[in-house]
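Architecture at a glance
Here is what each chain is made of, one letter per residue.
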Amino acid sequence: MLSLPNILTLSRILAVPILVFLLWPGTKDLGIQPLPLDYAFAFVLYCLMGITDYFDGYLARAQGTVSKLGVFLDPIADKIMVAAVILMLVFTRDVDGWNVIAALIILLREMIVSGLREFLAGLQISVPVSQLAKWKTTFQIVSLGGIILAGALPDWGLLKQAALALLWIAAILTMITGWDYLRVGIKHMD
């Protein structure tokens, strides 16, 4: 149960409060934005979390130590990380205006698909992760990382705009893959 891949997955979950702390706004005198240095530390931690996301699955398969705990925790760790970052970036207004809709689409889809997977599991129906869903996750992680990095590099305005464009691409992929999962689920509902 405490294999290296599972420890990496658990470390990702345990790192989320630290990430939230780093993205928490500074004093009232400084406004609602964290300091650029806080964003830089948050970006480094976020990248480490992303690396562990890759390596936990890779090591589990390579070592033949894929476990039920790992299969259960890995997608939860991803969703916790993405949801926490989205909430903090909206709170600090790094994601604002119409861009909040893209963030909301991502959050709502994650909740709906999680509930749908739980429902289908009760019927002993497994819905495999599609290649498009993996791309969706990649766009989510890269876009959110870009927005965090843009906070560390406030003079690079184009970086934030590019990251927000990627967030919209992630939202579109999120809707497509969410619909794919919903279509499968609807077939099994009365």
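Residues numbered from 1 in each chain as written. Predicted model: local features only at pLDDT ≥ 70, side-chain atom pairs only at ≥ 80, totals over all residues. Heavy atoms only, no water.

An unreviewed UniProt entry annotates the protein as CDP-diacylglycerol--glycerol-3-phosphate 3-phosphatidyltransferase of Sphingorhabdus profundilacus. The UniProt entry for the protein carries this comment under Sequence similarities (unreviewed entry): "Belongs to the CDP-alcohol phosphatidyltransferase class-I family." Looking at the Subcellular location (unreviewed entry) heading of the UniProt record, one finds this comment for the protein: "Membrane". (UniProt positions renumbered as here; feature names shortened; annotations may be inferred.)

Another aspect to go through is helix H6 (residues 157-186). Counted at 1.5 Å a residue, the expected span for H6 with its 30 residues is 44 Å, and the 43 Å between its end C-alpha atoms agrees. Buried residues of H6: Ala163, Leu164, Leu167, Ala170, Ala171, Leu173, Thr174, Thr177, Gly178, Tyr181 and Gly185, and no others. Tucked inside the fold, the buried residues of H6 contact helix H4 (99-122) and helix H5 (131-152). (Helix = DSSP H or I, 4+ residues; strand = E, 2+ residues; numbered from the N terminus. Expected span 1.5 Å × (residues − 1). Buried < 20%, exposed > 50% of the residue type's maximum accessible area, 1.4 Å probe, protein only. Contact = heavy atoms within 4.5 Å.)

The next point concerns the packing of H4 against H6. At a minimum axis separation of 9 Å, H4 and H6 run at an interaxial angle of 25°. As the angle between them shows, H4 and H6 are arranged roughly parallel. Along this stretch, H4 crosses H6, giving a crossing that reads as left-handed. Residue-level inspection shows Asn99, Ile101, Ala102, Ala103, Ile105, Ile106, Arg109, Val113, Leu116, Arg117 and Leu120 of H4 in contact with H6, the latter providing Leu164, Leu167, Trp168, Ala170, Ala171, Thr174, Met175, Thr177, Gly178, Tyr181, Leu182 and Gly185. Grouping the constituent residues of the contact of H4 with H6 by class yields 16 nonpolar, five polar and two charged. (Axes fitted to C-alpha atoms, helices over the stretch in contact; angles between N-to-C directions. Parallel < 35°, antiparallel > 145°, perpendicular 65-115°, else oblique. Left-handed = near helix turned anticlockwise from the far one by under 90°. Nonpolar A, V, L, I, M, F, W, Y, C, P; charged D, E, K, R; others polar.)

Time to look at the UniProt feature "transmembrane region" (unreviewed entry) in the protein. Per the UniProt entry, the sites bearing "transmembrane region" (unreviewed entry) are residues 7-27, 39-59, 71-91, 137-156 and 162-182 in this numbering. Summarising residues 137-156: 80% helix, 0% strand, and an end-to-end C-alpha distance of 25 Å. Across residues 162-182, the secondary structure splits into 100% helix and 0% strand, with the terminal C-alpha atoms separated by 30 Å.

Here the largest pocket is characterised by a volume of approximately 1,600 Å³. In terms of lining, the largest pocket is formed by 46 residues, of which the most central are Val71, Asp74, Pro75, Asp78 and Val129. Only helix H1 (4-23), helix H2 (36-63), helix H3 (68-91), H4 and H5 provide two or more residues apiece to the lining of the largest pocket. Ranked by the residues each element gives to the lining of the largest pocket, the list is headed by H3, at 10 residues. (1 Å grid on protein atoms, 1.4 Å probe; cavity = no way out; pocket = protein on both sides within 12 Å on 5 of 7 lines; lining within 4 Å. Points joined across faces, edges and corners; volume = space filled by probe spheres on them.)

All right, on to the pattern of salt bridges then. Within the structure shown, the criterion is met by eight salt bridges. When the shortest N-O distance is used, the salt bridge between Asp53 and Arg12 registers 3.3 Å. Linking Asp53 in helix H2 with Arg12 in helix H1, this pair joins segments that are 41 residues apart in sequence. Each member of the pair, Asp53 as well as Arg12, is classed as buried. Between Arg12 and Asp74 there is a salt bridge, with its nearest N and O atoms 2.9 Å apart. (Salt bridge = Lys/Arg side-chain N within 4 Å of Asp/Glu carboxyl O.)

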